[in-house]
Amino acid sequence: MKIIKSSPLLAMLIGFIIIAAAISTISVEGRKHHVKRIKPKHRRHSRDTPTGSPAPAPYPSTHDGVFDILSFGAKGDGISDDSKALIGAWKAACKVVGGKVEIPAGKEFMVKAVTLQGPCKEETVVQIEGTLVAPTKTGSWPKSSLFQWLNFKWVSHVTIQGSGTLDARGYNWWNLDNYQTQKNKYIPPMKPTALRFYSSGNVTVRDISIVNSPLCHLKFDDSDGVKINNITISSPENSPNTDGIHLQNTRNVEIQHSNIACGDDCVSIQTGSSNVHIHHISCGPGHGISIGSLGKDETVACVSDIIVEDVSIQNTLAGVRIKTWQGGLGVVKNLTFSNIQVTDVQVPIVIDQYYCDKSKCKNQTSAVSISDVKYNNIVGSFTAQPVRIACSNNVPCMDVDLMDIRLRPSGGIRGLQTHQQQHALCWNSYGKTQGPLVPSSIGYCLKKSNIDGYYPKRFIASSHEKLCPL
């Protein structure tokens, strides 16, 4: 066999092949153990991570069905706008049976005018433990606002509760000079109500405080089934038109165990309202508890089945009052005021069918009919007059009962009262009285029902009832 001698070139080629094979083996082994580094995308850390900041999931909750507005981005510093966080928490809770919006204690959440809309799953709760505050500047309210701050619309089986506060910060609205003379700023034509429910049913408001509203503190429009319990309403005595609770076209209402101090009526009951029970409340300062005003601009007014009992009223313009405009139509009937303690009230018992909030109003013959009004056990002190019942010349008040009325001049004015001021005033009103009666002039105040002309007048009232399907 012929032997081929190796040359230097061949030796180099073989060496290169060996080295290449070795490198290939190392590369394969490296790929087995190497993990390719991928630059991580930014991740939002949960509240529990030490370096992260809160970043909610679409509907975050601390536990099933509870939606804390902090989880929706609320700051709670009283300055940042937390409106979107409140709306977001509401929408989430609204989708869940028994859903709860939680406004935590120890923080102040600034919220602009918002509408929290239904319908929702039943038994929705807004738990207010912290403080919600409104914007301070009147010009910051949007033109699209319906002049409510917190507006609940089309909700059912909803509860607003907690130990927290709604502060509507209305002081800039009360100063009419500032309100009217601010230049180069949008000034809304109306003042906002703090908390309003529209076209809602089975609503409960309990335990919370509502303070410093620009206008009404708590208002119900076109609603049915309302329970108000253990709330506090407060604004200064000189804050204009700041009604405590305002009912319009609202039925089946109970208001109890609450304290109301404001610059207008503690409770105002307007047309379309019926079956209202008010008991164990404290009212004052303010204008008292009022039915009306009703029948303005010749409108039809219908109010019936109102009970006000076991209440205390102090330092108010009136105690229990019915006020209607001349020219109105309709019916006010079946009202009972009983077990009422009054202290330093200007006029504790008022029916005024000549109500006018202007310097002068036009005299008109038609009036809202008032009948079946019972006053029983009204006791305490007055500063101007004990009873003032001024009924229409053409539509007298009928079936008005004054029983166990004991009203004395307030201690501070006892010696200054004129003889006329200490007497009850009744005009064109029919009914009966029953002692004890103090002052004694109350016993001669009402006309008896058998006086000529009484029954024909009743026909006028019955014709008005056809206008009120209550």
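Given the structure is predicted, the values throughout are model-derived calculations rather than measurements. (Residues numbered from 1 in each chain as written. Predicted model: local features only at pLDDT ≥ 70, side-chain atom pairs only at ≥ 80, totals over all residues. Heavy atoms only, no water.)

### Description of the confidence of the model for the chain
Averaged over every residue, the pLDDT of the chain is 84; the share at 70 or more is 77%. Segment residues 1-7 is flagged for pLDDT under 50; beyond a separation of four residues in sequence, or across chains, it makes 0 contacts in the model. Across residues 21-59, where pLDDT falls below 50, the model places 15 contacts with residues more than four positions away in sequence or in other chains. (pLDDT = per-residue confidence, 0-100. Contact = heavy atoms within 4.5 Å.)

### Digging into the UniProt feature "active site" (unreviewed entry) in the chain
In the numbering used here, UniProt assigns the "active site" (unreviewed entry) feature to His287. Position of His287 relative to the elements: it lies in the loop between strand E20 (273-283) and strand E21 (289-294). The exposure class assigned to His287 is partly exposed, which follows from its relative accessible area of 23%. Contacts of His287, omitting those with residues within four sequence positions, involve Gly263, Asp264, Asp265, Thr316, Leu317, Ala318 and Arg321. Polar side-chain contacts of His287 include one of 3.5 Å to the backbone oxygen of Gly263. (UniProt positions renumbered as here; feature names shortened; annotations may be inferred. Helix = DSSP H or I, 4+ residues; strand = E, 2+ residues; numbered from the N terminus. Buried < 20%, exposed > 50% of the residue type's maximum accessible area, 1.4 Å probe, protein only. Polar contact = N/O pair within 3.5 Å; in protein donor to acceptor, adjacent residues only side chain to side chain.)

### Quick word on the pattern of salt bridges
Using the criterion set out here, one finds 7 salt bridges in the structure. Asp221 serves as the salt-bridge partner of Arg196, at 3.0 Å between the closest nitrogen and oxygen. One end of the pair, Arg196, is in strand E11 (residues 193-198); the other, Asp221, is in strand E14 (residues 218-221), with 25 residues separating them in the sequence. For the pair shown, Arg196 and Asp221 are each scored as buried. Among the salt bridges present, the one from Lys227 reaches Glu254, with a minimum N-O distance of 3.7 Å. (Salt bridge = Lys/Arg side-chain N within 4 Å of Asp/Glu carboxyl O.)

### Examining unusual backbone geometry
Cis geometry is found at the peptide bond from Gly118 to Pro119, where omega equals 0°. Counting through the fold element by element, Pro119 comes out in the loop between strand E5 (114-117) and strand E6 (124-128). Following Gly284, the chain continues into Pro285 via a peptide bond in cis, with omega recorded as 0°. Counting through the fold element by element, Pro285 comes out in the loop between E20 and E21. For Asp399, which is not glycine, the phi torsion reads 55° and is therefore positive. Relative to the helices and strands, Asp399 is located in strand E28 (residues 397-409).

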